Structures are given as C-alpha cells and as structure tokens.
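Structure at a glance
Each chain, written out:
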Amino acid sequence: AQTVTQSQPEMSVQEAETVTLSCTYDTSENNYYLFWYKQPPSRQMILVIRQEAYKQQNATENRFSVNFQKAAKSFSLKISDSQLGDTAMYFCAFMKIQGAQKLVFGQGTRLTINP
Amino acid sequence: ETGVTQTPRHLVMGMTNKKSLKCEQHLGHNAMYWYKQSAKKPLELMFVYSLEERVENNSVPSRFSPECPNSSHLFLHLHTLQPEDSALYLCASSQDVRYSNQPQHFGDGTRLSIL
C-alpha cells in the first residue's frame with residue numbers, strides 16, 4: 001500500500017517570502033503521479049501542480065515548483081513570492097498509473113502567509 | 001465555480017436520522033468519487049463510480065450507502081451514523097477512472113455534524 005507523509009503540520013511566512021513544503025511517500029510502483037492540492041478556507045480542493053514520476057524534469061506552474069527526488073521518494077513544493085491568497089491547507093497526494101484513480105493523501109500542512 | 005456542486009453545505013443530524021448528501025458535476029465527466037476528511041487525518045477515499053457503476057468501495061461501513069443514478073449525479077445516503085462520522089465529505093469527478101493523467105475536480109464539501 002502507498003503512504004504519503006507531510007511532516008510539517010503548520011508553517012508561517014511573511015508575504016513575498018519563499019516557502020517550501022515537504023512531502024515523502026512510500027511505494028513499490030515505478031510509474032505514478034504526484035500532486036499538490038490547495039484547500040483554502042472555502043474548502044474547495046484545488047490542484048496546484050502535478051508531476052509524472054517518469055519525467056525527470058521538475059514541474060513548474062508560475063510561482064509554484066516542485067523538487068522531485070524519485071530515489072529518495074521526496075516531493076517538496078516551493079512557493080515563490082508568496083501572497084496572502086496562498087494561505088491554505090496544502091495536501092500532497094499520490095496516484096498509481098494503473099487501476100482506478102485512487103488518490104492517497106498526506107495529512108496536510110497549514111500554511112499561513114502574514115502581511 | 002468548480003463545476004462540482006455539493007449540497008447541503010452544512011448538515012447537523014442525530015444518530016437515528018436518515019439524510020442524503022448530493023453531488024452534481026457539470027463537466028461531462030464519467031467518474032465520481034466520495035472522500036471523507038476528518039480532523040487531523042488524511043483524506044480517505046470512500047467510493048468510486050465509473051459510468052454509474054461502483055468500481056471501488058474502501059471498506060466503508062454500511063451506514064453509508066452511495067447511489068449514482070447517472071454520470072452527473074452522486075448521492076451519499078446516511079443512516080444510523082455515529083459521532084465519529086462527523087467530518088467534511090468531499091465529492092470529486094474526473095474524465096475517466098482509467099486516465100490517471102486527468103485531474104480530479106472537487107466540490108466545496110458538506111460539513112456533517114452528528115449529535
């Protein structure tokens with residue numbers, strides 16, 4: 001079975017700073033997807049970024065980028081030039097490529113951006 | 001507007017009540033999902049439906065009964081719930097359960113409180 005671990009329950013940074021959220025996972029699969037989802041107080045789960053395990057290049061979406069270390073089974077999220085609207089719960093998630101879409105989530109990190 | 005609508009937004013019920021949660025997606029997707037989000041626990045996948053057929057049931061107690069009358073609607077019927085069932089219930093949809101590269105789109109959830 002796959003597991004996803006987020007070791008930082010809470011983080012807080014000042015606006016415009018860069019922050020990195022950590023995520024590790026455990027799997028015997030060779031090909032899979034990794035995701036970061038954002039859940040603001042509105043509760044809607046929003047996809048932030050996605051990484052395919054067979055791609056060595058780290059995914060980037062505007063101010064969001066990942067550091068994917070397959071051998072270490074690590075998948076951290078870096079938010080550059082943080083904004084007040086980035087305040088939310090952030091969840092790391094894993095999905096096998098084969099089989100029905102089953103997302104396995106970590107416990108989440110509560111990120112607060114202070115003005 | 002996410003394309004996935006959940007009602008009601010909040011629900012308070014006694015342990016002997018019967019109620020239903022509703023989810024509707026306007027994205028033309030073929031797959032729908034129920035997740036449970038409890039405090040301080042990772043999101044847990046409960047059920048997966050593909051074209052109105054249940055393809056996954058993650059050992060969920062029988063007091064939760066899903067129904068998928070068509071690919072746009074998903075219900076979760078609740079009866080004789082326990083206090084530990086209090087949680088945020090999230091619905092999601094995706095293009096097809098077979099395509100892991102297609103992201104899941106989430107609704108805003110129903111906050112359920114059991115008295």
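Going by the structure above, here's the rest.
Residues numbered from 1 in each chain as written. Chains lettered and ligands numbered in written order. Predicted model: local features only at pLDDT ≥ 70, side-chain atom pairs only at ≥ 80, totals over all residues. Heavy atoms only, no water.

**Concerning the nonpolar core**
Residues Tyr25, Trp36, Phe75, Leu77 and Tyr90 of chain A are the most contacted members of the largest nonpolar core, which totals 26 residues. Of all elements in the fold, only β2 (10-14), β3 (19-21), β5 (32-39), β6 (46-52), β8 (64-69), β9 (74-79), β10 (88-96) and β12 (109-114) of chain A reach the threshold of two or more residues within this core. Broken down by element, the residue count for this core peaks at four residues, all from β10 of chain A. Apart from residues lying up to four places away in sequence, Phe75 of chain A is in contact with Cys23, Tyr25, Leu34, Phe35, Trp36, Gln51, Val66, Asn67, Phe68 and Cys92 of chain A. With 22 residues, the next largest nonpolar core counts Trp34, Met46, Leu76 and Leu112 of chain B among its residues. (Core = buried A, V, L, I, M, F, W, Y, C linked by side-chain atoms within 4.5 Å. Buried < 20%, exposed > 50% of the residue type's maximum accessible area, 1.4 Å probe, protein only. Helix = DSSP H or I, 4+ residues; strand = E, 2+ residues; numbered from the N terminus. Contact = heavy atoms within 4.5 Å.)

**Thoughts on the environment of Ala93 of chain A**
All names here are of chain A. Relative to the helices and strands, Ala93 is located in strand β10. A residue is classified by how much of its surface remains accessible, and Ala93, at 0% relative accessible area, is buried. Here the alpha-carbon distance between Ala93 and Tyr32, two residues 61 residues apart in the chain, equals 11 Å. Contacts of Ala93, omitting those with residues within four sequence positions, involve Tyr33, Leu34, Phe35, Leu103, Val104 and Phe105.

**A look at the interface of chain A and chain B**
With 22 residues of chain A at the interface, the matching set in chain B holds 30 residues. When the buried surface of chain A facing chain B is broken down by residue, Arg43, Gln101 and Phe105 of chain A rank first, second and third, together holding 37% of it. Inspection of the region where chain A meets chain B yields zero salt bridges. At the surface where chain A touches chain B, the tally comes to six residue pairs in polar contact (both at pLDDT 80 or more). Looking at the side of chain A that touches chain B, the elements that each hand over two or more residues are β5, β6 and β10 of chain A. It is β5 of chain A that provides the largest number of residues to the side of chain A that touches chain B, a total of four residues. A class-by-class count of the residues in the side of chain A that touches chain B yields 11 nonpolar, seven polar and four charged. (Buried area = accessible area lost by both parts, 1.4 Å probe. Salt bridge = Lys/Arg side-chain N within 4 Å of Asp/Glu carboxyl O. Polar contact = N/O pair within 3.5 Å; in protein donor to acceptor, adjacent residues only side chain to side chain. Nonpolar A, V, L, I, M, F, W, Y, C, P; charged D, E, K, R; others polar.)

**Some thoughts on the pairing of β6 of chain A**
The pairing of β5 of chain A with β6 of chain A spans six bridges and is classified as antiparallel. Paired with Leu34 of chain A across the two strands is Gln51 of chain A, which belongs to β6 of chain A. (Pairing = 2+ DSSP bridges.)

**Structural notes on the state of the cysteines**
Tallied over the entire structure, the rule returns two disulfides over all chains. Shown here is the disulfide that connects Cys23 of chain A with Cys92 of chain A, its sulfur atoms set 2.0 Å apart. Across the S-S bond linking Cys23 of chain A and Cys92 of chain A, the dihedral sits near -70°, which makes this disulfide left-handed. Linking Cys23 of chain A in the loop between β3 and β4 (24-26) with Cys92 of chain A in strand β10, this pair joins segments that are 69 residues apart in sequence. As far as burial versus exposure is concerned, Cys23 of chain A and Cys92 of chain A are alike and both buried. Between the sulfur atoms of Cys23 of chain B and its disulfide mate Cys91 of chain B the distance is 1.9 Å. On the S-S bond that ties Cys23 of chain B to Cys91 of chain B, the torsion sits near -75°, and the link is left-handed. With Cys23 of chain B in strand β3 (residues 18-25) and Cys91 of chain B in strand β9 (residues 87-94), this pair connects stretches of sequence that are 68 residues apart. Relative accessible area serves as the criterion here: at 0%, Cys23 of chain B is assigned to the buried category. Since its relative accessible area comes to 0%, Cys91 of chain B is described here as buried. (Disulfide = S-S within 2.5 Å.)

Functional significance is not addressed by these values, which are geometric in nature.
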